[in-house]
Amino acid sequence: MSYYEVNFDGLVGPTHNYAGLSYGNIASKSNANKVANPRQAALQGLEKMWSLVQLGLYQGVLAPNARPDLATLRALGFSGSDAAVIDKAAKTEPMLLKACYSASSMWAANAATVSPGCATQDAKVHFTPANLNNKLHRAIEAKTTGQILRATFNDDTHFVHHPPLPQHSLFGDEGAANYTRLVDSYGHSGLALFVYGEDMNSNVRPSAFPARQTRQASEAIARSHQLDPARTLFIQQNPDVIDQGVFHNDVIAIGNENVFLFHEQAFYQQQAVIAQIRNGYSGSRPLHLIEVKTTDVTLEDAIKSYIFNSQLVSLPSGGMAIIAPSECQTIGRVERYLSLLCKASNPINEVIYLDLKQSMQNGGGPACLRLRVALSQQELAAVNPSCLLDDRLYAVLSDWVKKHYRDRVSDKDLADPSLMTESQTALDELTQILSIGSVYPFQQN
Ligand code: SUG
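Participant: I tried to follow the sheet that holds strand E12 (residues 311-314) on my own but got confused; where do I start?
Facilitator: What holds strands together in a sheet is hydrogen bonding between their backbones, with the strands either parallel or antiparallel. The sheet built from three strands is open, its strands ordered E12-E13-E14 with mixed pairing. Of all the strands in the sheet, just E12 and strand E14 (348-354) have a single pairing partner and so form its edges. Shown here is a sheet whose adjacent strand axes are inclined to one another by a mean of 25°, direction ignored. Each of E12, strand E13 (320-325) and E14 is contacted by helix H2 (residues 38-54), which is oriented at about 25° to E12, the strand it contacts most.

Structure representation (structure tokens):
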């Protein structure tokens, strides 16, 4: 049976802005209060999706969360008309308003953990929306993201949708950003790698910045997705690199099929981790463990360039391409490393640079923007077809963005109630384009 990896990218929402909300994410902090360009951000995201279609890959679209999140603002005591809620929050608690206006659901790698049917006991594809409980602006995504996933993968025969894990610090879960599968090919169950920042039963943890993913969360997901314990590894991120700004594992490692590219400082007790991975992998194709040395790419350059947040994709014509952010070209050592990587003896033979600056300035590169879902031909046929990108949908979404999105949003604009109504009008139209029904709270009023 044919199997594919389909990337479902988070469409950038109309309220994309720079609010400095993510402590531990250096780009988010250093670009706080810059003027954002939501139109450009959404078009850059669409260009990335379209580039993958042109490579011959299947590509999906995930609708954004609706912002502002009025329900959260109301739950926090702001009352009156919608405009009054915004006005009061802007005057008294601007950081809460910013959290409720964040377009952070664009980073779909954090939307959920997804296990393919070839790896689960009941042979269904399992989804668990991430609770994202480390940051308020992200924790409020989980419910609507769950509804969007159900509307996108809307078939009980093939798909199982779990609720998010309990909103408790023991179960901090950031979704697929900390999850990779090493496999012979997409239809094989392979080895599932869950990477956590902190085991709540251990003292090995970062000291400056928070660890967002706990071992306990990863274990709970592996259980509910019915993964084979013999083919599942839980490995710890190096706490020192979290303290330097590596807030998710996908900022320091990337895997695809039988290739795993990771920095020399990525994991706690790295040599033991490498040995575990070697032992755990049982594919017939050779495993390529590519450890990037600090002398080739320093940690600082890795974080600045987001080289590890590239997408590594298998091409229908054979081999793999690495889809890297164009920031990698601005650091000579990183660009050199990538070009040598393509010439070395491994399946990667092409690097494609893309401009995703609007997202990058909030700490989100190519890999953050997509949720990987490995699907059989039958499962793919069960996906909501309106959410799969083709030339028609690409044109429709580009026009939709150009019609509805502003080209500048500053923190002051968040106080303007017309940003809310514009956003709701746009998203209402989007639910029709993507045939996802009434997934947004404002549609239920
Ligand atoms: O959670 N940035 C996101 C970036 C997420 C990147 N995802 C992965 N690496 N998979 C975050 O830190 C910044 C929002 C702001 O400051 O306005 C933000 O939420």
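Participant: Help me out: how do you make sense of the side chain of serine 115 in this one?
Facilitator: Its location among the elements puts serine 115 in strand E3 (residues 112-115). At 3.3 Å, the side chain of serine 115 forms a polar contact with the side chain of tyrosine 179. In contact with serine 115, other than residues within four places in its own chain, are Thr120, Lys124, Val125, His126, Tyr179, His225 and Leu227.

Participant: Just to check I follow, could you spell out the packing of aromatic side chains for this structure?
Facilitator: Between two aromatic rings, the relevant description is the distance of the centres plus the angle of the planes. Per the stated rule, a full pass over the model turns up 14 aromatic pairs. Ring geometry for tyrosine 23 versus phenylalanine 209: centroids 5.0 Å apart, planes at 90°, classification edge-to-face. Taken together, the positions of tyrosine 23 in the loop between strand E1 (3-10) and helix H1 (26-30) and phenylalanine 209 in the loop between strand E7 (191-196) and helix H8 (215-224) put the pair 186 residues apart, joining distant regions of the chain. Note on tyrosine 23: relative accessible area 44%, which makes it partly exposed. Between the aromatic rings of phenylalanine 260 and phenylalanine 267, the centroid separation amounts to 6.1 Å while the plane-to-plane angle is 25°, which identifies the pairing as stacked. Here the aromatic residues Phe8, Phe127, Phe153 and Phe159 are joined through ring pairs into a cluster of three or more.

Participant: How do you make sense of the site of the ligand when you look at a structure like this?
Facilitator: As a matter of local geometry, the ligand sits amid 21 residues, with Leu21, Ser22, His137, Asp250 and Cys368 nearest to it. Residue asparagine 110 places a side-chain N or O atom 2.9 Å away from a nitrogen atom belonging to the ligand. Between the ligand and the protein, one listed contact pairs an oxygen atom with a side-chain N or O atom of arginine 138 at 2.9 Å. Considering the ligand on its own, with 490 Å² of exposed area, one finds that the protein chains cover 100% of that surface.

About the thresholds
- Residues numbered from 1 in each chain as written.
- Predicted model: local features only at pLDDT ≥ 70, side-chain atom pairs only at ≥ 80, totals over all residues.
- Heavy atoms only, no water.
- Pairing = 2+ DSSP bridges.
- Helix = DSSP H or I, 4+ residues; strand = E, 2+ residues; numbered from the N terminus.
- Axes fitted to C-alpha atoms, helices over the stretch in contact; angles between N-to-C directions.
- Contact = heavy atoms within 4.5 Å.
- Polar contact = N/O pair within 3.5 Å; in protein donor to acceptor, adjacent residues only side chain to side chain.
- Phe/Tyr/Trp six-rings, centres within 6.5 Å; stacked < 30°, edge-to-face > 60°.
- Buried < 20%, exposed > 50% of the residue type's maximum accessible area, 1.4 Å probe, protein only.
- Near = heavy atom within 4 Å.
- Areas by Shrake-Rupley, 256 points an atom, 1.4 Å probe, with all protein chains shown as cover.

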